[in-house]
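A closer look at the structure
Listed below are the residues making up each chain.
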Amino acid sequence: MTGAIRRPAWLERARFYEIYPQSFADANGDGIGDLPGIIRHLDYIEDLGCNALWINPCYDSPFKDAGYDVRDYTRVAERYGTNDDLVALFDAAHRRGMHVLLDLVPGHTSEEHAWFRAGARADPADRHLSGAGEDLSERYIWTDCWISGGDGLPFVGGEEERDGTYILNFFKCQPALNYGFAHPKHAWQKRALGPEALATCDAMLDVMRFWLSRGADGFRVDMADSLVKHDDGGKPYTIRTWQYMFSKIRPEFPEAAFVSEWGRPGESMQAGFDMDFYLDWRWDGWPNGYNILLRNTDTPLVREGDASYFNADSETSIKGFLDQYLMQLRDAERFGGYFDLITGNHDTLRVGQRLTARELKVAYGMLLTMPGCPFLYYGDEICMPYRPLPTKEGGYVRTGSRTPMQWDDTPNRGFSAAPAGRLYLPVGEDGGSPDVAGEKRDADSLYHWVRAVLAVRAGRRALDAGGRFDVIAAPEHGRLFAYERGAKGRSDGAAAYGDSGVEVGDAGAGAGGPADAGDRVIVAMNPGRGEESFALPQWARRSAAGAGPGVLLSVGDVCIRGDAVALGPQSFAVIG
């Protein structure tokens, strides 16, 4: 099935902006962001250069996990507005040629969800919704005794009248929906893709249909790899579960897009997703490839000891990132999907308090010109910093990355007309804290740089999501990184990169065949303090008459000298 998927064509040119709805813009003055507030700022997002949105959960919820504990999938939370407001957002975005992804949370619900309340009743005859005949006894994972353990899974007992304990996915308030077990060992463990698991799938399909039929353009899927319990390595049963759901929903909504929180495109693309995120992981001081770029430190609130590639004072090369990324990119390409990079998100600490605006210009220059669809987290375009704050709605350490958008220097930074004490989270009031209005006035600001990079991406098909990616220069020791983007087709970069960590010279044209020079660009950067240079591939070298590609966009000193490019300290360029 997965090999025959037709990816939504609009993803090729999609540039996403992630909005944490409670913190973006408050239109009604209650101190919490809302959907009308998002609508009011669509022109800002469009002018910035983004043409698609990902909105974190906006469904009815008790908000013990900031909305990732869903109480009703088909109702907008009152604090954000109404279902009609969400439909109005879809319509307003579509009039601007923009697409909107909602956040789907398929693995668990709130303990206050009607499905769970019904399934928790003592008498099996009562385990259905009022007026409906469907038995909800197996919608969640319940053991068969009040003192049963969870067979290695987290569980809660003694909370409900039903004789059993129930399995959790995350917090105590988030009972796991039942997609079955890969290898059931107990009577209460239902088999994956069995009738109980498929009933859960069908219920989730109804949720997708509800919003897709009202104008949503798809979903970002939370914890997409976590459905089937005790799954084998490679997640074969979870993959088959998603294949079942996609076999139903894609024929009905062929232009809907799905991006997974999975982090392993070799698995997620088999499951049928269009896109996967390169997630940020750091275990016991060991970074993954994405972490190496921006967050390679155990003390993210201070600069000292930060070994991130984009920190000008680190000596980190790009090799550690590429060693992981290229294999994963190839997995995504093999299935015709996209592996997406993010500037940050609601689960990662912002980097504005540790990396300078100049360092972030180089970083975002890369992140916004790589393959896949770029995702820009609200406020990253103005270098909003992380703020150490007490936990809010289950955010814990993540809370400081979820503060209100800073629009201007008026009270509450233009986020809300409510008294400061009623704000969802406090805004940054110190004089050095950036805001959109101030960044717009500064021609050299990070905001204007992000806008310029996104404009170049929009104007060059070589920078489309599925365009080729070939490494030109990536020394194992040093700060240089240069790559070619070109007409759509399989990249040759991984093969060329090889074991040495160095590739200088002609980048291959890829399986898509030779590309014209007009369909190619070179992206090059030097985040360090010294100077770097690399040889241009043959197609980009100047003729005897001096004709050849020029610098389309740059920061820092960039000079094309004959057959080579010289990069000064903390520089970045797009050449084409």
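None of these values were measured; they are calculated from a predicted model. (Residues numbered from 1 in each chain as written. Predicted model: local features only at pLDDT ≥ 70, side-chain atom pairs only at ≥ 80, totals over all residues. Heavy atoms only, no water.)

1. Brief notes about the domain arrangement of the chain
Domain parsing of the chain yields domain 1 (9-109 + 197-459), domain 2 (110-176) and domain 3 (468-490 + 516-575). Using C-alpha coordinates to define each centre, domain 1 is positioned 30 Å away from domain 3. Taken as a group, Arg-358, Val-362 and Trp-449 account for 21% of the area that domain 1 buries against domain 3, more than any other trio of residues on that side. Where domain 1 packs against domain 3, one counts one salt bridge. The residue Arg-529 makes a salt bridge to Asp-313 at a minimum N-O spacing of 2.9 Å. Looking at the side of domain 1 that touches domain 3, the elements that each hand over two or more residues are helix H9 (319-334), helix H10 (357-367) and helix H12 (446-459). Among the elements that line the side of domain 1 that touches domain 3, the one with the most residues is H9, at seven residues. Taken together, the residues of the side of domain 1 that touches domain 3 break down into 17 nonpolar, seven polar and 11 charged. (Domains from an automatic or database assignment. Buried area = accessible area lost by both parts, 1.4 Å probe. Salt bridge = Lys/Arg side-chain N within 4 Å of Asp/Glu carboxyl O. Helix = DSSP H or I, 4+ residues; strand = E, 2+ residues; numbered from the N terminus. Nonpolar A, V, L, I, M, F, W, Y, C, P; charged D, E, K, R; others polar.)

2. Side note on helix H3 (residues 83-95)
With 13 residues, H3 should reach 18 Å at 1.5 Å per residue; the first-to-last C-alpha distance of 19 Å fits that figure. Of all the positions in H3, only Leu-86, Leu-89, Phe-90, Ala-92 and Ala-93 are classed as buried. Positive backbone phi, approximately 75 degrees, marks Gly-97, located one or two places after H3. (Expected span 1.5 Å × (residues − 1). Buried < 20%, exposed > 50% of the residue type's maximum accessible area, 1.4 Å probe, protein only.)

3. Description of the UniProt feature "domain: Glycosyl hydrolase family 13 catalytic" (unreviewed entry) in the chain
The sites that carry the UniProt feature "domain: Glycosyl hydrolase family 13 catalytic" (unreviewed entry) are, in the present numbering, residues 18-422. For residues 18-422, the end-to-end C-alpha separation is 24 Å, with 26% helix and 11% strand making up the annotated structure. (UniProt positions renumbered as here; feature names shortened; annotations may be inferred.)

4. Let's talk about the layout of surface pockets
For the largest pocket, the calculated volume is near 970 Å³. Asp-280, Trp-281, Asp-347, Thr-348 and Arg-398 are, among the 34 residues lining the largest pocket, the residues nearest its centre. Looking at side-chain class alone, the lining of the largest pocket contains 12 nonpolar, nine polar and 13 charged residues. Inspection of the lining of the largest pocket shows a minimum of three residues originating in each of domain 1 (9-109 + 197-459) and domain 2 (110-176). (1 Å grid on protein atoms, 1.4 Å probe; cavity = no way out; pocket = protein on both sides within 12 Å on 5 of 7 lines; lining within 4 Å. Points joined across faces, edges and corners; volume = space filled by probe spheres on them.)

5. Focus: the sheet that holds strand S8 (residues 218-221)
Adjacent strands of a sheet pair through backbone hydrogen bonds, lying either parallel or antiparallel. Spatially, eight strands are ordered S13-S10-S9-S8-S5-S2-S1-S14 in an open sheet, and the strand pairing comes out parallel. In this open sheet, the two strands that pair with only one neighbour each are strand S13 (338-340) and strand S14 (375-377). Recorded for the sheet is a direction-independent mean angle of 25 degrees between the axes of neighbouring strands. Of the pairings in the sheet, the one linking strand S10 (residues 275-277) to S13 comprises three bridges and is parallel in character. Of the residues in S13, the one forming a bridge with Phe-277 is Asp-340. (Pairing = 2+ DSSP bridges. Axes fitted to C-alpha atoms, helices over the stretch in contact; angles between N-to-C directions.)

6. Here's the deal with the pairing of strand S20 (residues 558-561)
Bridge analysis of S20 against strand S21 (residues 564-567) gives four bridges, and the strand direction is antiparallel. Across the sheet, residue Arg-561 finds its bridge partner in S21, namely Ala-564. A loop of two residues connects S20 with S21, the two strands running antiparallel in sequence, and Gly-562 in this loop sits at a positive phi of about 65 degrees.

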